[in-house]
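# Observations on chain architecture
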Amino acid sequence: MTKITAEHLGRSAFVYVRQSTADQLVHNQESPRRQYGLADRARQLGWTAVEVIDDDLGRSGGGINRPGFERLLAAICEGRVGAVLAIEASRLARNGRDWHTLIEFCGLVGTVIVDEDGIYDPRHANDRLLLGMKGTMSELELSLFRQRSHEALKQKARRGALFLGVAAGYVKAGRDRIEKDPDQRVQDALKLVFSKFAEFQSVRQVHLWLRDEGIALPVKSHKAAEGRSIIWRLPLYNTVHNILTNPVYAGAYAFGRTMSKVSVEKGRKRVKRGLRRPLAEWDVLLKDQHEGYITWSEFERNQRVIADNATGKGALAKGAVRRGELLLAGLLRCGHCGRKMYVGYGGKAGRYYCQGARVNHGTERCISFGGLRADHAVGAEVLRILKPLGIDAAVKALEAQTSETSAAHRQLELALQQAHFAAAHARRQYDAVDPANRLVAGELERRWNEALQVVHQVEGEIAAIEARKPTPLGERERQHLMQLGADLELAWSHPAATSAIRKRIVRAALNEIVARVESGFIEMVLHWQGGDHTALKLKMNGVGKHRWTVPEDTLSLIRELARLMPDQQIARLLNRAGKPTGRGNGWTKARVCSFRSHHGIAIYREGEWADRGEISLETAAQIIDVSVMTALRLIQRGLIKGRQLCRGAPWVIKAEDAAAYRAQNAPQRPLSADPAQQTFEFQ
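Reading the values: rules and limits
Residues numbered from 1 in each chain as written. Predicted model: local features only at pLDDT ≥ 70, side-chain atom pairs only at ≥ 80, totals over all residues. Heavy atoms only, no water. Helix = DSSP H or I, 4+ residues; strand = E, 2+ residues; numbered from the N terminus. Expected span 1.5 Å × (residues − 1). Polar contact = N/O pair within 3.5 Å; in protein donor to acceptor, adjacent residues only side chain to side chain. Salt bridge = Lys/Arg side-chain N within 4 Å of Asp/Glu carboxyl O. Buried < 20%, exposed > 50% of the residue type's maximum accessible area, 1.4 Å probe, protein only. Core = buried A, V, L, I, M, F, W, Y, C linked by side-chain atoms within 4.5 Å. Contact = heavy atoms within 4.5 Å. Pairing = 2+ DSSP bridges. Axes fitted to C-alpha atoms, helices over the stretch in contact; angles between N-to-C directions.

### Notes on helix α9 (residues 184-200)
- In this model, α9 (17 residues) spans 24 Å end to end at C-alpha, consistent with the 24 Å of a helix rising 1.5 Å per residue.
- Capping the start of α9 is the job of one residue whose side-chain oxygen sits 3.0 Å from the backbone nitrogen of R185: D183.
- In the segment just after α9, Q201 is the residue with positive phi, at about 60°.

Rendered as structure tokens:
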């Protein structure tokens, strides 16, 4: 008692109250009674001003932020605290930092510390030593508790017998085993999630489909105090994702799938819990422990698909199928630097490009090439490989046409059976009660009415599905579908086949495509899902070339024809020769004129033939003094040199060649019967 002086009693006594968890607040009622009782002890010791700090109820003393403890330290530093009362050192702190900080501050301002064992003055060396030992023992005690409990949990988990909670779809069978929930509705709902993911290959699409169809999923209720703890509600995205990523549905027992990460923020420990760990780092993984909804191989395949759909989550992720016409988005990898290639759209056309190390290191871009030619080549190769499977795909499409609504219909039928059971149970309860007991009968009648309303609601949903059910395919539609299955190219180019469908087909067949650009060629190696490889080599367009470019032979032909005839005649000749424009249109005078101007070809002018000493076939026939057909035969036999650019183009003959032939093959007959007749030459 000599340690308490008048100076101490002139200040206030502070009683610090703390419990570690919210569960202790609910179930451990004796501890707070003992702690609050310290206020009476402070009054017995002579203090009249007693203040209780209970801001830290439900907070751990292991170093996390505690506003009540901070308020206590602030009051000590201000010199307002004469004594700090707590039932034991562990209530004030569970770590050496907070405990020794408290002792240091109390020693500086002369504050005593009181617990159930005694009164301590931190200014005295012996008391300071004893307080330090108590804090160290409290910290060691916490460490031992944690170590023993964690080792016990891990030992039980290694046997596959530790079940802190049971996932929806399973129930406990004994103390260390689980089995499938006997409720058929629960089983069918979970099977539906996995079958739809196999169809859509996307968690988001499964979630949207379930919401659109109004299909509820079973969820574990943590509020249920007893009985069955399954509730039904429309799924959230996390609900679907957790079902697809939980290994329990693959028949495996897993422990240690998540971890906690400790960091220091503003001088305080902060713990982040529930961080997912890679499968290789799980503490325990026991396969084939119980009956699963899918196999382990299907589970692993689902995890790869989910990881690939995570756009922007790493260089190896493909990303989910997104809007855009190009087919190979997410599949292409640069063969030069090994990085993922991206898609860029400019107008209607798109390009594949690799940024290389430009973003991180500021280097030049790696490679890029147009997407249309690459898509066409890869699509043709995929169709060639998948062609034998076309008929099977058509048959499965016929089956899926009827099963699309049957899954939702099945779920509602099971819900209706459950609603009928609940209504019948409510009716039996109502019939069993004495009608005169209106307090009970009224409540049971209300429950019965609510159960009947649920029955009516589910029946309405079933009727709505029946109204939306598509009409069965007729014989003509079935034959058309089988024709599409036999001819995959026709189905691929069908107007109803969207780019998203084509992307899913390509991804189902291909795992990755490695692309390189070498010497004006695109070299691609297609890695198929089965492990095979196929090499493709495509010629790239030259500089300034594009898919609407007129072929080189047509360009050369127009360049030559421009020296022989005007634009109108060139257009007629090209149309007769079957040489369209770059966009596949016919030629007109305006298009020929525009084409010439773009390529710098001069317009035809009158007199060009004469300047070059060239004549047409008709003029040559007149010079030789023969018919046109005879002159043509002379050219074909090689007696006269002539050239024709294409079929239908005019024949071009040198005037001097026609004159020379005329001079060599002039007719040698007399002009009259009189041999003495002289010729008369006009000058």
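The rest of the description comes next.
### Observations concerning the pattern of salt bridges
- Counted by the stated rule, this structure contains 29 salt bridges.
- In this structure, E88 engages R91 in a salt bridge whose closest nitrogen and oxygen atoms are separated by 3.9 Å.
- Overall, E88 belongs to the partly exposed group, its relative accessible area being 38%.
- When the shortest N-O distance is used, the salt bridge between D611 and R605 registers 3.2 Å.
- A relative accessible area of 57% means that D611 is categorised as exposed.
- The network of salt bridges with shared partners includes R563, E608, R612, E614 and R643.

### Re the nonpolar core
- V193, L210, V240, L244 and Y249 are the most contacted members of the largest nonpolar core, which has 49 residues in total.
- A per-element tally of this core places α9 first, with eight residues.
- Residue contacts for V240: discarding those within four places in its chain leaves V193, V203, V206, H207, L210, L217 and P235.
- C354, I513, W528 and L538 belong to the second-largest nonpolar core, a separate cluster that totals 26 residues.

### Here we look at the sheet that holds strand β23 (residues 652-654)
- Strand order in this open sheet of three strands is β21-β23-β22, and the pairing throughout is antiparallel. Strands with a single pairing partner mark the edges of an open sheet, and in this sheet they are β21 (614-615) and β22 (642-643).
- In terms of strand pairing, β21 meets β23 through two bridges, oriented antiparallel. Bridging from a neighbouring strand, E614 pairs with K654 of β23.
- Running at roughly 60° to β23, helix α26 (residues 655-664) makes contact with β21 and β23 of the sheet.

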